[in-house]
Amino acid sequence: MRERLVAGNWKMHGSRESCRALLDAIVAADVACAVCVPFPYLAQAAERLRGTRVAWGAQTLSEHAQGAFTGEVSAAMLGEFGCRYVLVGHSERRHLFGETDAQVAAKFAAARAAGITPILCVGETLQEREAGRTQEVVARQLDAALARGGIGDAVVAYEPVWAIGTGRTATPEQAQEVHAFLRGRLSAQTRLLYGGSVKPDNAAAIFAMPDVDGGLIGGASLVANDFIAICRAA
Ligand code: PGA
């Protein structure tokens, strides 16, 4: 039986004050989940969440251990703040910041080497889906990371690019189809999350699919009641 996971991806949103309010609300709801917060709020999250059912993490990390990499944050630094998770290869990192499969794989390996569980994001664009290339794309993205020492206890998130922040969710059947394909390349224990416009009103149907073990939640993770409802749906 795979443990369920709902992780919030706050992206570049919030303030110290909104972060405090959101963390307080999630802790008060006593739901097991994770939040991936912007770097400056990691210390605040660690302090507020230690000893609760809410794990915390970051949204990216450097593939390098240390050195002259201005603006970058290493896995060891995240470890010092008690991060349990880190997103790697989110589509915004791939598409807006040019991260390649090889770079994502190196970040994946760096996280694992530091004892932080990577949440590897994979997903096709609308153009790729319409060209019938969904499986080829997610397999390529997955295999690049797997080549760096296997899956271990890493989490994989299937996030179709056309569903992220668009309000256009994959149907439960579309999600299950890709998850079943990914499952075939992974161990039975690997947790597979779906991400892309998950909201309180569609979460239960998506999470009911046999190979969907939870969700990676963007926009709705910033609204306490919505995020809590999605955690409860899982
Ligand atoms: P969304 O984002 O829930 O706002 O679509 C998901 C994500 O980018 O992880």
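Residues numbered from 1 in each chain as written. Predicted model: local features only at pLDDT ≥ 70, side-chain atom pairs only at ≥ 80, totals over all residues. Heavy atoms only, no water.

Engineer: How do you make sense of the layout of surface pockets when you look at a structure like this?
Structural biologist: To locate leftover empty space, one rolls a probe as large as a water molecule over the atoms. The space that makes up the largest pocket amounts to roughly 450 Å³. In terms of lining residues, the largest pocket is bounded by 16 residues, among which K11, M12, Q59, R93 and F97 are the most central. Among the elements that line the lining of the largest pocket, the one with the most residues is helix α4 (residues 91–96), at 3 residues. Listing elements by their share of the lining of the second largest pocket, those giving two or more residues are β1 (5–9), β3 (54–58) and α10 (224–233). Class assignment of the residues belonging to the lining of the second largest pocket gives a composition of 10 nonpolar, 1 polar and 6 charged. (1 Å grid on protein atoms, 1.4 Å probe; cavity = no way out; pocket = protein on both sides within 12 Å on 5 of 7 lines; lining within 4 Å. Points joined across faces, edges and corners; volume = space filled by probe spheres on them. Helix = DSSP H or I, 4+ residues; strand = E, 2+ residues; numbered from the N terminus. Nonpolar A, V, L, I, M, F, W, Y, C, P; charged D, E, K, R; others polar.)

Engineer: Can you help me understand the site of the ligand in this one?
Structural biologist: Near the ligand there are 13 residues, and of these K11, H90, E159, G165 and S197 occur at the shortest range. In the environment of the ligand, an oxygen atom lies 3.5 Å from a nitrogen or oxygen atom belonging to the side chain of N9. H90 is positioned such that a nitrogen or oxygen atom in its side chain is 2.7 Å from an oxygen atom of the ligand. Coverage of the ligand by the protein amounts to 97% of the 280 Å² it exposes when considered alone. (Near = heavy atom within 4 Å. Polar contact = N/O pair within 3.5 Å; in protein donor to acceptor, adjacent residues only side chain to side chain. Areas by Shrake-Rupley, 256 points an atom, 1.4 Å probe, with all protein chains shown as cover.)

Engineer: Just checking my understanding: could you explain the side chain of N202 for this structure?
Structural biologist: Following the sequence through the fold, N202 ends up in helix α9 (residues 200–207). Polar side-chain contacts of N202 include one of 3.1 Å to the side chain of T169. Here K199 takes part through its backbone nitrogen, which lies 2.7 Å from a polar atom of the side chain of N202. Those residues in contact with N202 that lie beyond four places of it in its chain are T169 and S197. (Contact = heavy atoms within 4.5 Å.)

Engineer: What am I meant to see in empty space enclosed by the protein here?
Structural biologist: Applying the stated criterion across every chain yields a total of 1 cavity of 30 Å³ or more. In this model, the largest cavity occupies a volume close to 50 Å³. Listed by contribution, the elements that provide at least two residues to the lining of the largest cavity are α4 and β5 (117–122). At 3 residues, α4 tops the list of elements feeding residues into the lining of the largest cavity.

Engineer: So what exactly am I meant to see when it comes to unusual backbone geometry here?
Structural biologist: When glycine is set aside, most residues are seen to have a negative phi, and most peptide bonds are trans. We note that D30 has phi near 55°; this positive angle belongs to a residue other than glycine. Structurally, D30 is set in the loop between α1 (16–29) and β2 (33–36). Under the relative-accessibility criterion, D30 is labelled partly exposed at 45%. Of note in the backbone geometry, S197 takes a positive phi value of approximately 55° without being a glycine. Structurally, S197 can be placed in the loop between β7 (192–195) and α9. (Buried < 20%, exposed > 50% of the residue type's maximum accessible area, 1.4 Å probe, protein only.)

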